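Observations on the model geometry
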Amino acid sequence: MKKLKLSALDFGAKEILTRTQLKNVFGGVDGSGAASCSVTCSNKEVKTVNCGYNVICQTSGTKIKCGDGEYKEQCQG
């Protein structure tokens with residue numbers, strides 16, 4: 001994979017996301033290369049869904065969506 005150099009871009013302090021924030025926006029990739037997303041429930045329990053390969057994982061509150069599927073609630077009660 002080609003590395004991107006972002007040093008030439010002029011980002012303002014308000015426009016920079018942390019690694020954790022980016023992972024919540026785009027999902028992450030675990031060691032196997034599969035995309036996964038995590039949400040934190042109100043009881044502080046963390047739920048993680050592995051979406052598979054070549055699939056975008058997205059979160060919305062406590063819901064997770066893999067690819068073009070529906071958002072599914074991950075926290076009970």
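Residues numbered from 1 in each chain as written. Predicted model: local features only at pLDDT ≥ 70, side-chain atom pairs only at ≥ 80, totals over all residues. Heavy atoms only, no water.

**Section: the sheet that holds strand 5 (residues 63–66)**
Taken together, three strands build an open sheet; the order of strands is 4-5-6 and the sheet is antiparallel. With one partner strand each, in any of the chains shown, strand 4 (57–60) and strand 6 (72–73) form the two edges of the open sheet. Here strand 5 runs beside strand 6; their pairing, made up of two bridges, is antiparallel. Its bridge partner being in strand 6, Lys-63 is matched across the sheet by Glu-73. (Pairing = 2+ DSSP bridges. Helix = DSSP H or I, 4+ residues; strand = E, 2+ residues; numbered from the N terminus.)

**Details of the nonpolar core**
Counting residues in each nonpolar core, the largest one holds six residues, listed as Ala-35, Cys-37, Val-39, Cys-51, Cys-57 and Ile-64. In terms of residue count, strand 2 (residues 35–40) provides more of this core than any other element does, three residues in total. (Core = buried A, V, L, I, M, F, W, Y, C linked by side-chain atoms within 4.5 Å. Buried < 20%, exposed > 50% of the residue type's maximum accessible area, 1.4 Å probe, protein only.)

**Comments concerning the state of the cysteines**
The tally for this structure, following the rule as stated, stands at three disulfides. Each disulfide pairs two cysteine sulfurs, and for Cys-41 the partner residue is Cys-75, the sulfurs being separated by 1.9 Å. Measuring handedness by torsion sign, the sulfur bridge of Cys-41 and Cys-75 sits at about -90° and is left-handed. Pair noted here: Cys-41 is in the loop between strand 2 and strand 3 (46–52) and Cys-75 is in the segment after strand 6, with a separation of 34 residues, a long-range link. (Disulfide = S-S within 2.5 Å.)

**Considering the pattern of salt bridges**
Per the counting criterion, the structure on display carries one salt bridge. With a shortest N-O distance of 3.3 Å, Glu-45 and Lys-47 are connected by a salt bridge. Relative accessible area serves as the criterion here: at 25%, Lys-47 is assigned to the partly exposed category. (Salt bridge = Lys/Arg side-chain N within 4 Å of Asp/Glu carboxyl O.)

**Considerations on the pairing of strand 3**
Within a regular strand, side chains alternate between the sheet's two faces. By the bridge criterion, six bridges tie strand 2 to strand 3 in an arrangement that is antiparallel. Following the sheet pairing, Ser-36 is matched in strand 3 by Asn-50. Once strand 2 ends, the chain turns through five residues before running back antiparallel as strand 3, passing Lys-44 with a positive phi of about 75°.

**Quick look at unusual backbone geometry**
Residues other than glycine seldom take positive phi values, yet Lys-44 does so here, at roughly 75°. With respect to the element layout, Lys-44 can be found in the loop between strand 2 and strand 3. With relative accessibility at 66%, the residue Lys-44 sits in the exposed group.

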